[in-house]
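Structure assessment
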Amino acid sequence: MPKLARLYLAQCAASLASEHHLAIARLIEANNTGSAAALLRPLLEASATAYWLAYCAPPSKIKHLINPRKQPSRKDRLPLIGGLLEAIVEVFPEAKLLHDSFPGYLHAFTHGQMIQITRKGHYPPFSYKEKLVMLWLSDSIQTTAAAINVAIHDTPNLSEYIAAARQILMNEGKNLYNLKFPKESWEWKGLPDIKIVDQWDDGSWKDQFSRS
């Protein structure tokens, strides 16, 4: 368990993203592709939440969120996906593509709007290529979520894995889907240090979790 509440919560968010990622793969394998598509937005939200908690959340917000026995008030809850990404772009400018492109598109799949409903009128609802794109997108978001652990733990092997996985995914995106990535994004440079200091965090929050 990380020593700091901020890092513990970020790690939990990344773990949730990993669970969504696995579920998407299993749903597509079972040909429940509509349900898999609906999980792409929660996957993105969990990944964004991990970075927001680690790099952006005010100390007072972390203090409220870490209490497992108290339901956060409305003002202390997590921001919506747009707010999460806006804050993350301040730290990671390259995240602007996510902020500008994906949330609205994935929102429609998640909430059963016409983009989902009309697909049930023909077979197959999702083409083979669409399933591949969905898996690629899921893998890309999950790899990003997993990378937060490089900033939380001293894990050189994980950093090497993330670098290799990013190269594979970017090559797939370029060669299979004609995606264009900024030149500087091809090299994995790790993650910046987490500089926010939570003065209140003396580690006592761990006792609450052990008794819950």
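Residues numbered from 1 in each chain as written. Predicted model: local features only at pLDDT ≥ 70, side-chain atom pairs only at ≥ 80, totals over all residues. Heavy atoms only, no water.

The next subject is the environment of Thr144. Of note, Thr144 is situated in helix H8 (residues 128-152). Sequence separation between Thr144 and Leu78 is 66 residues, and the spatial gap between their C-alpha atoms is 19 Å. Among all residues touching Thr144, those that are not within four sequence positions of it are Ser47 and Tyr51. Within the structure, the side chain of Thr144 is placed 3.0 Å from the backbone oxygen of Ser140, a separation counted as a polar contact. (Helix = DSSP H or I, 4+ residues; strand = E, 2+ residues; numbered from the N terminus. Contact = heavy atoms within 4.5 Å. Polar contact = N/O pair within 3.5 Å; in protein donor to acceptor, adjacent residues only side chain to side chain.)

To continue, consider unusual backbone geometry. Excluding glycine, residues mostly have negative phi values, and the peptide bonds linking residues are mostly trans. Its identity as a non-glycine residue notwithstanding, Asn31 has a phi of 65°, on the positive side. Note on placement: Asn31 falls in the loop between helix H1 (5-29) and helix H2 (33-38). With relative accessibility at 43%, the residue Asn31 sits in the partly exposed group. A positive phi is found at Asn178, a non-glycine position, where the angle reads about 55°. Here Asn178 is to be found in the loop between helix H9 (156-177) and helix H10 (205-211). Residue Asn178 is classed as exposed on the basis of its relative accessible area of 65%. (Buried < 20%, exposed > 50% of the residue type's maximum accessible area, 1.4 Å probe, protein only.)

Here we take up the pattern of salt bridges. Taken as a whole, this structure holds two salt bridges when the rule is applied. The salt bridge involving Arg6 is made with Asp198; its shortest N-O contact spans 2.8 Å. You can see Arg6 sitting in helix H1 and its partner Asp198 sitting in the loop between H9 and H10, a full 192 residues away along the chain. Classification of Arg6 by relative accessible area gives buried; the value is 1%. Take Asp198: its relative accessible area is 11%, and that puts it in the buried class. Among the salt bridges present, the one from Glu45 reaches Arg41, with a minimum N-O distance of 3.0 Å. Placement of both Glu45 and Arg41 in helix H3 (residues 40-55) is noted, with a separation of four residues, approximately one turn of the helix. For Glu45, a relative accessible area of 26% translates into the label partly exposed. (Salt bridge = Lys/Arg side-chain N within 4 Å of Asp/Glu carboxyl O.)

In this structure, Tyr51, Trp52, Leu53, Tyr55, Ile88, Ile148 and Leu191 are the most contacted members of the largest nonpolar core, which totals 55 residues. For this core, the elements supplying multiple residues, two or more each, are H1, H2, H3, helix H4 (59-65), helix H5 (81-91), helix H6 (96-110), H8 and H9. Leave out the neighbours within four places in its chain, and Ile88 touches Ala48, Tyr51, Trp52, Cys56 and Ala95. (Core = buried A, V, L, I, M, F, W, Y, C linked by side-chain atoms within 4.5 Å.)

Turning to H3, a few remarks are in order. An ideal rise of 1.5 Å per residue puts 22 Å on 16 residues; H3 measures up with 23 Å between its terminal C-alpha atoms. Among the 16 residues of H3, 15 are classified as buried, and the element is accordingly described as predominantly covered. (Expected span 1.5 Å × (residues − 1).)

For the rest of this paragraph, the subject is the confidence of the model for the protein. In the predicted model, the protein carries a mean pLDDT of 86, and 92% of its residues have values of at least 70. Of all helices and strands in the protein, the one with the weakest mean pLDDT is H6 (71), whereas H1 scores best (96). (pLDDT = per-residue confidence, 0-100.)

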